[in-house]
Amino acid sequence: MVGTLFTLAPILVFSTLVIGFISILLPKYLKKLNINATNRVSVANNRFLNTIAKWGSGLGELKRYHAKKIFPRVIATSSSKLEDSEINKMRIITFSQFIQGIVDVMGRVIVPLIAGILYFEGKIKFGAIVTASYFANDIFNSLWDFSNNINLLNSSYDLRSKITNLTKIQPEPTDKKDPDKVKLIRSINLVKKFTDGDKIEYPDICIKKGEHILLTGVSGCGKSTFIKLLLGIEKPSEGEIQYRNSENQDIIPDFDRIGYIAQDVTLFPSSIKNNITMFNARLNSEVDKILEKVDLDLSVKEIESVIKPDNIVLSGGQKQKIVLAREIIDPKSIIFLDEPTSAIDTIATTKILKVISELPSTIIMIAHNLTPEQKATFDREIHLFKKGSDENDNI
Ligand SMILES: Nc1ncnc2c1ncn2[C@@H]1O[C@H](COP(=O)(O)OP(=O)(O)O)[C@@H](O)[C@H]1O
Ligand SMILES: [Mg+2]
């Protein structure tokens, strides 16, 4: 076809080639615009995923404090930023298509136009105009598709559906009982085996409603695992855990309504105040009093400041005091505390233990190195022994 056209008039071929080249090269020049727009989406997307990660890792905690609704809210804010950058990207893609369209139209119009001029000048026959028009149409049709596809290559349209899946929140099972109904917690022949061969055997333990238990034992004897078994985070390999109501019937408590401070504290990228109240505005007026109780000496400005996990400004002890404050400000009827004072000095620990001892809740607290006075704030101590350790030989 090019040959046919060339025999008609070299200028037709030349103009087709020039416009064709512009059409092919355009995506290269528009690429930077498209890539920048895509990168902005990608940065917004990363921020969005980070937000999900930061808040999502504490989802259990949010559920525990009925603050789950804050999760969709922070996700929505982050998501709307992502949406803005996607809209901007679509704008740039549309602009690219517009520029591409102009070149396309130029190709389709100019080639037949030149052919027309050549005809009137008597340089080519009438039939050649038709051939040139078809030729221009075919070539620029293909180039239009080609250029547009290249312009769109940088886009990632499946992003939206991935995000939708990530933010889906599972519906809650409703048959679980209020932990307040639990009159007795006990473990019977409880054994936990790990896949790497580790095996922890627990003594039969029985805890009554309102009791304050201190759980001790050497590192690795299975204290944290015991609490995770009680909370259903870990499943027993043998034996069982029973929660009984006042009629001595087995019930399944709503684990999300049991207070729990894990060994690694969970803080959210929000203000210290929100981390204590867990976004329950009803508790705002209590914050000062609670800070005093947990011996956390912070200015009003600091309390309102946002905790940034990547930019740690709080000491380990301060973080523990914040999660302790979260627990004490609105105490649950059952509370499990896994070494909540390990990074807090002994004077502040004594003060906090006194506050804990006054809570009406059923409490199991793991702690190391407490003084006899501190231990005395509990009703009793349960000491776990590690199988085969030297400690056992001394009993
Ligand atoms: N997820 C796990 N996989 C394998 N071993 C584990 C796991 N969790 C705990 N263990 C093992 O179980 C033992 C008890 O752990 P843990 O309950 O954390 O002890 P403690 O809190 O008393 O220091 C340790 O030997 C530990 O290595
Ligand atoms: Mg532990």
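Residues numbered from 1 in each chain as written. Chains lettered and ligands numbered in written order. Predicted model: local features only at pLDDT ≥ 70, side-chain atom pairs only at ≥ 80, totals over all residues. Heavy atoms only, no water.

**What about the packing of helix H11 (residues 316-329) against helix H12 (residues 346-357)?**
Stage number 1. At their nearest, the axes of H11 and H12 sit 11 Å apart, and the two run at 15° to each other. Relative to H12, the element H11 is oriented roughly parallel. The way H11 lies across H12 gives a crossing that is left-handed. The residues of H12 that touch H11, namely those facing Lys 321, Leu 324 and Ile 328, are Ala 348, Ile 352, Val 355 and Ile 356.
Stage number 2. Tallied by class, residues from the contact of H11 with H12 come to six nonpolar, no polar and one charged. (Axes fitted to C-alpha atoms, helices over the stretch in contact; angles between N-to-C directions. Helix = DSSP H or I, 4+ residues; strand = E, 2+ residues; numbered from the N terminus. Parallel < 35°, antiparallel > 145°, perpendicular 65-115°, else oblique. Left-handed = near helix turned anticlockwise from the far one by under 90°. Contact = heavy atoms within 4.5 Å. Nonpolar A, V, L, I, M, F, W, Y, C, P; charged D, E, K, R; others polar.)

**Some words on the coordination of the magnesium ion (ligand 2)**
Stage number 1. Only Ser 224 (OG) and Gln 263 (OE1) from the protein coordinate the magnesium ion (ligand 2), and they sit 2.1 to 2.4 Å from it. Here Ser 224 is found in helix H7 (residues 223-230), whereas its partner Gln 263 is found in the loop between strand E6 (259-261) and helix H8 (272-277), with 39 residues between them in sequence.
Stage number 2. Note on Gln 263: relative accessible area 40%, which makes it partly exposed. (Donors = N, O, S within 2.8 Å, 3.2 Å for Na, K, Ca; no water. Buried < 20%, exposed > 50% of the residue type's maximum accessible area, 1.4 Å probe, protein only.)

**Considerations on the layout of surface pockets**
Stage number 1. The computed volume of the largest pocket comes to approximately 380 Å³.
Stage number 2. Around the largest pocket, the lining comprises 20 residues; the ones closest to its centre are Ile 200, Gly 220, Cys 221, Gly 222 and Lys 386.
Stage number 3. At the level of elements, strand E2 (199-201) and H7 are the ones that each hand at least two residues to the lining of the largest pocket.
Stage number 4. Split by residue class, the lining of the largest pocket holds five nonpolar, eight polar and seven charged.
Stage number 5. Each pocket or cavity is described by its volume, and for the second largest pocket that value is around 230 Å³.
Stage number 6. Taken together, 17 residues form the lining of the second largest pocket, with His 66, Arg 257, Asp 330, Pro 331 and Lys 332 sitting closest to its centre.
Stage number 7. Elements represented by at least two residues in the lining of the second largest pocket include exactly H8 and H11.
Stage number 8. The class makeup of the residues in the lining of the second largest pocket is seven nonpolar, four polar and six charged. (1 Å grid on protein atoms, 1.4 Å probe; cavity = no way out; pocket = protein on both sides within 12 Å on 5 of 7 lines; lining within 4 Å. Points joined across faces, edges and corners; volume = space filled by probe spheres on them.)

**Quick word on the UniProt feature "transmembrane region" (unreviewed entry) in the protein**
Stage number 1. When the UniProt feature table is mapped onto this chain numbering, "transmembrane region" (unreviewed entry) sits at residues 6-26 and 98-120.
Stage number 2. Overall, residues 98-120 shows 100% helix and 0% strand. The separation of its end C-alpha atoms is 33 Å. (UniProt positions renumbered as here; feature names shortened; annotations may be inferred.)

**Description of the environment of Gly 20**
Stage number 1. Tracing the backbone shows Gly 20 in helix H2 (residues 10-56).
Stage number 2. Once the C-alpha coordinates of Gly 20 and Val 103 are considered, the two residues, 83 residues apart in sequence, prove to be 8.5 Å apart.
Stage number 3. Those residues within four positions of Gly 20 in sequence are excluded, and the remaining contacts are Phe 140 and Leu 143.

**Some points on the site of ligand 1**
Stage number 1. Every residue near ligand 1 is listed here: Phe 194, Asp 196, Asp 198, Ile 200, Val 218, Ser 219, Gly 220, Cys 221, Gly 222, Lys 223, Ser 224 and Thr 225.
Stage number 2. At a separation of 3.0 Å, an oxygen atom of ligand 1 approaches a polar backbone atom of Gly 222.
Stage number 3. Protein contacts shield 67% of the accessible area of ligand 1, which totals 560 Å² for the unbound molecule.
Stage number 4. Among the detected pockets, ligand 1 sits in the largest pocket.
Stage number 5. Looking at the shell around ligand 1 element by element, the count peaks at three residues for H7.
Stage number 6. Its residues assigned to classes, the shell around ligand 1 shows four nonpolar, five polar and three charged. (Near = heavy atom within 4 Å. Polar contact = N/O pair within 3.5 Å; in protein donor to acceptor, adjacent residues only side chain to side chain. Areas by Shrake-Rupley, 256 points an atom, 1.4 Å probe, with all protein chains shown as cover. Sits in = over half its atoms within 2 Å of the grid points.)

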